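Inside the fold
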Amino acid sequence: MSWFSIKKRLSLPTENDTQAMTVQEAIEDGMTSSDFEHQIIVTPYKNIWVSYYGTLIDPNKLHDDVIEKIQARQFHTPEDLRTFISINNTELTSDGNVVADSLMRGYVCIQLEEQAELCILVAIQTDDNREITIPEVEFSVIGPKESFVEGIDTNINLIRKRIPVPDLKVKEFIVGSLSKTRVCVIYISSIANEENVNTMIERVSAIQFDQINDSSYINQMIEDQTNSPFPQFIDTERPDRVAALLAEGKVVVLADGSPQAITGPTTLVEFFSAFEDYFLSWHIATAFRLIRLFAVWFSIFATPLYVAVLTYHAEIIPQDLLATLIVSRSQIPFPPILEALFLELTIELLREAGARLPTKVGQTIGIVGGIVIGTAAVEAGLTSNVLLIIVALAALASFTTPVYRMGNTIRLIRFPYIFASQLWGLVGLAILFNFMLVHLLTITSLGRPYLAPLYPTRLADFKDAFFRMPFNFQSKRPIHLQTKNNVRFNKRKAKKKKDIDEGI
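Computed from a predicted model, the values in this text were never measured in an experiment.

With that settled, consider the packing of helix H12 (residues 336-356) against helix H14 (residues 385-398). Across the interface, H12 lies against H14 with an axial gap of 10 Å and an inter-helix angle of 40°. On the basis of their axis angle, the class for H12 and H14 is oblique. The chirality of how H12 crosses H14 is right-handed. Seen from H12, the contacting residues are Glu 339, Ala 340, Leu 343, Glu 344 and Ile 347; seen from H14, they are Leu 387, Leu 388, Val 391 and Ala 395.

With that settled, the discussion passes to the side chain of Gln 24. As for its placement among the helices and strands, Gln 24 is situated in helix H2 (residues 23-30). Excluding residues within four positions of it along the chain, Gln 24 makes contact with Gln 111, Glu 114, Gln 115 and Glu 117.

With that settled, the discussion passes to H12. Helix length check: H12 (21 residues) gives 30 Å between terminal C-alpha atoms against 30 Å at 1.5 Å per residue, within 8%. Along H12, the residues classified as buried are Pro 336, Ile 337, Glu 339, Ala 340, Leu 341, Leu 343, Glu 344, Thr 346, Glu 348, Leu 350 and Arg 351.

Enumeration according to the criterion identifies 11 aromatic pairs in this entry. When the ring of Phe 301 is compared with that of Tyr 417, the centres are 5.0 Å apart and the planes differ by 70°; the resulting orientation is edge-to-face. One end of the pair, Phe 301, is in helix H10 (residues 282-312); the other, Tyr 417, is in helix H15 (residues 404-442), and 116 residues separate them in sequence. Neither residue differs from the other here; Phe 301 and Tyr 417 are each classed as buried. With 5.8 Å between their ring centres and 35° between their planes, Phe 462 and Phe 466 make a pair best called tilted. Cluster of aromatic residues (ring-pair linked, three or more members): Trp 297, Phe 301, Tyr 417 and Phe 433. Over the aromatic face of Phe 471 sits the side chain of Arg 468, whose NZ or CZ is 4.6 Å from the ring centroid.

Our next topic: the side chain of Thr 236. Structurally, Thr 236 is set in strand E8 (residues 234-236). Among the polar contacts listed, one links the side chain of Thr 236 to the side chain of Glu 138, at a separation of 2.8 Å.

In terms of backbone geometry, most residues other than glycine have negative phi values and most peptide bonds are trans. Cis geometry marks the peptide bond from Gly 264 to Pro 265, where omega comes out at 0°. Its place among the elements puts Pro 265 in the loop between strand E10 (261-264) and H10. Cis rather than trans, the peptide bond between Tyr 455 and Pro 456 has omega equal to -5°. Even without glycine at this site, Gln 482 takes up a positive phi of about 50°.

Further remarks concern the confidence of the model for the protein. For the protein, per-residue confidence averages 85 on the pLDDT scale, and 92% of positions sit at 70 or higher. Averaged over each element, pLDDT in the protein is lowest for helix H1 (residues 3-10) (36) and highest for strand E9 (residues 251-255) (95). Every residue in residues 1-17 is under pLDDT 50, and counting partners more than four places away or in other chains gives 29 contacts.

Looking now at the nonpolar core. Ranked by size, the top nonpolar core spans 24 residues in total, and within it Phe 230, Leu 268, Phe 272, Ile 300, Met 406, Leu 440 and Tyr 450 carry the most contacts. Contributions of two or more residues to this core are made by H10 and H15. Of all the elements, H15 adds the most residues to this core, at seven residues. Those residues in contact with Met 406, other than ones at most four positions away along the chain, are Phe 230, Pro 231, Leu 268, Phe 271, Phe 272, Thr 401 and Tyr 450. Core analysis: the next-biggest nonpolar cluster, separate from the first, contains 20 residues, Val 185, Ala 192, Ile 222 and Leu 446 among them.

A separate point is the pairing of strand E1 (residues 36-41). Here six bridges tie E1 to strand E2 (residues 48-53), and the two strands are oriented antiparallel to one another. Residue pairing across strands places Glu 37 opposite Tyr 52, the latter belonging to E2.

On to the sheet that holds strand E5 (residues 119-123). Read from one edge to the other, the open sheet built from five strands follows the order E1-E2-E4-E5-E3, with strand pairing classed as antiparallel. Edge strands, defined here as strands with exactly one partner in the open sheet, are E1 and strand E3 (90-93). For this sheet, the mean angle separating the axes of adjacent strands, direction not counted, is 20°. Relative to strand E4 (residues 107-111), E2 runs antiparallel, the two being bridged by three bridges. Within E4, the residue paired with Val 50 across the bridge is Ile 110. This element, H2, spans E1, E2, E3, E4 and E5 of the sheet and lies at about 125° to E4.

With that settled, the discussion passes to the pairing of strand E6 (residues 168-175). Strand residues, when the strand is regular, have side chains that alternate between the two faces of the sheet. Inspection of the sheet shows E6 paired to strand E7 (residues 181-188) by eight bridges, in the antiparallel sense. Note on E7: the bridge partner recorded for Phe 173 is Val 183. Linkage of E6 to E7, two consecutive antiparallel strands, is achieved through a turn of five residues, within which Gly 176 is found at a positive phi near 105°.

This next bit is on a nonpolar patch on the surface. Among the surface-exposed residues, Leu 423, Trp 424, Val 427, Ile 431 and Phe 435 lie close enough to one another that they form a single nonpolar patch of about 560 Å² accessible area. Topologically, Phe 435 is positioned in helix H15. Of the residues examined, Phe 435 reaches a relative accessible area of 59% and is grouped as exposed.

The strand order across the open sheet formed by five strands is E6-E7-E9-E10-E8, and the pairing between neighbours is antiparallel. Two strands close off the open sheet at either side, each with one partner strand: E6 and E8. Strand-to-strand twist of the sheet, defined as the mean angle between neighbouring strand axes without regard to direction, takes the value 25°. Note: E8 against E10, three bridges, orientation antiparallel. Note that in E10 the partner of Asp 235 across the bridge is Ile 262.

Let us look at the state of the cysteines. By definition, a disulfide links the sulfur atoms of two cysteine residues through a covalent bond. One pass over the full model with this rule turns up zero disulfides. Not engaged in a disulfide, the cysteine Cys 109 finds its nearest cysteine sulfur in Cys 119; these two sulfurs lie 3.6 Å apart.

Here is what the cut-offs are and how they apply
Residues numbered from 1 in each chain as written. Predicted model: local features only at pLDDT ≥ 70, side-chain atom pairs only at ≥ 80, totals over all residues. Heavy atoms only, no water. Axes fitted to C-alpha atoms, helices over the stretch in contact; angles between N-to-C directions. Helix = DSSP H or I, 4+ residues; strand = E, 2+ residues; numbered from the N terminus. Parallel < 35°, antiparallel > 145°, perpendicular 65-115°, else oblique. Left-handed = near helix turned anticlockwise from the far one by under 90°. Contact = heavy atoms within 4.5 Å. Expected span 1.5 Å × (residues − 1). Buried < 20%, exposed > 50% of the residue type's maximum accessible area, 1.4 Å probe, protein only. Phe/Tyr/Trp six-rings, centres within 6.5 Å; stacked < 30°, edge-to-face > 60°. Lys NZ or Arg CZ within 6 Å of the ring centre and 35° of its normal. Polar contact = N/O pair within 3.5 Å; in protein donor to acceptor, adjacent residues only side chain to side chain. pLDDT = per-residue confidence, 0-100. Core = buried A, V, L, I, M, F, W, Y, C linked by side-chain atoms within 4.5 Å. Pairing = 2+ DSSP bridges. Patch = residues over 30% accessible without salt bridge, like charges linked within 9 Å, V, L, I, M, F, W, Y side chains within 5 Å. Areas by Shrake-Rupley, 256 points an atom, 1.4 Å probe, with all protein chains shown as cover. Salt bridge = Lys/Arg side-chain N within 4 Å of Asp/Glu carboxyl O. Disulfide = S-S within 2.5 Å.

Here it is, written out as C-alpha cells:
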C-alpha cells in the first residue's frame, strides 16, 4: 500500500471528530494510559522525543529501523531527520487529530523538542496475525488449502496472488466511530458493473455504528432487506472462491479483523453450490449439487408433511405404511405436532450445545446425546420411531448446505411450516409456500434479482445454476450481473487451438 493511500485514510473524518487538537494535546491525552510511552532518546547531536503505545508497535523495528538509523546521523530539522529513517511510511504533520489517530494504529511520533508542534509519524505497527491455515468451514478434499486470516493486508495479498492484474481495484474506508475498522471494497474495474460497485461503496461508507468487530456486522447492515431471514450476500473464508467471484464480475468486501469476505450480488441458487464442485468433473459436481437441492426440500418439508398427513390426510397413506405408523404411535399420548416439536427442539438443543462446547466434548455430546435421548424418547412413549428417523434425516439434510448462514435459515423456516401444517394441513403448507415464494421474488441483492436465473428467466445462466456444465460451455459471464465485459474466453479460438493440437 502506498503512503498516499495511508495518508488519505488517516485523514478521513469520523463522526466523533470534535474540535482540532494540537500535537502536545494528543500526546498528553495518550499519557493517561499505562501502555503509552513518552521518552527521550539521546543522540550525539540532538536529543529527540518519541511517543507511542508500547502494545501496538514492534520494538525491534523501533530500535533497528528508527533509533539506530538516526543516532549516528547529524540533523537539525524534522525534514533532515525524516530522510534518515529507512521506513517508507512516514509523514510530517502538526495536526493533533492525525497524530492521535496514528498513535492508535501503531505509529511512533518523533519530536525534536518535547513541546514541538511539528512531528514525524513512522509506521512500525506489530504484525501479530494468525498464520494462514486450511479452511475450517468450507473445507474441500480437492483444491487449494488456504483460508483468510484476520489481517486485511494479508487477505488482499491472497486475492492479488490469484488475480495479478492492475484492473483489480481496492477502495478503503474507515467504519466505526470507536473501532475505526479498515474496510475494503474490491472489484475488477474492467468487468464489474459500475452500478453494483457504486451501490456497495455507498452502503459501506454510509454505515453508522460505533463498533465493527467482524464482517458479519457489515453483512447485516448493507443487505437490501434486513428483515428477511434469507442471506443476501455470500460470506466465504476461501480466497480462491473470492477470486473466482471477482472474475465473474462481483464485488467483495473485506474487514480488518475478520477472516470472512462478503461477496455480492448473489442469487439463491449460489448458496447451494460448493466451490469444490469446480474441482470435480461436471458429471459428479452436477449430481452432488442436485443432491443438495433435494436435501434442502426434504429438510424443510419432511416433518411438516408428517404432521399434516397424520392430522388431516391419513387417507393418502399407503395401506402397508399405515399399519406401521399406527403401531409406532399406539403408545404416544401426544398429537403429531407436539412430538414433532419435541424432537425438532431436541435436535436444535444438541446442535447448539455441540457448537458452544470445546470441539472434542461437542462431538461427544452430539453423537452420544442424540443416540441416548432418541432411544429414551421412543422407549418412554414420547415420540414414534418413524418420526425420529424423519427428524434425524431432516437435520442431517440441513447440514449439506455449503453456506453456514443459509443452513441456519433452512432450520428456522421449518418451524413455521410445522405450525401451518397443524392448522390447515397440506393447504397450509401450500399457502405458506406461496408466501415464501412471493417474499423471495421481492428480495434483491445489490438491486439484482435474488431468484435469477429462474426469475427473470435466463436460460444461458442455467449452465452453472442447478447444473455445473463443462468449462467450455461457460464462455460468458452470468447475464444477471450485467458486467462490462461478459465474455470470459473466445470459444472459437479455443476450439481452433484444440483442433490444431489434435492435428499435430
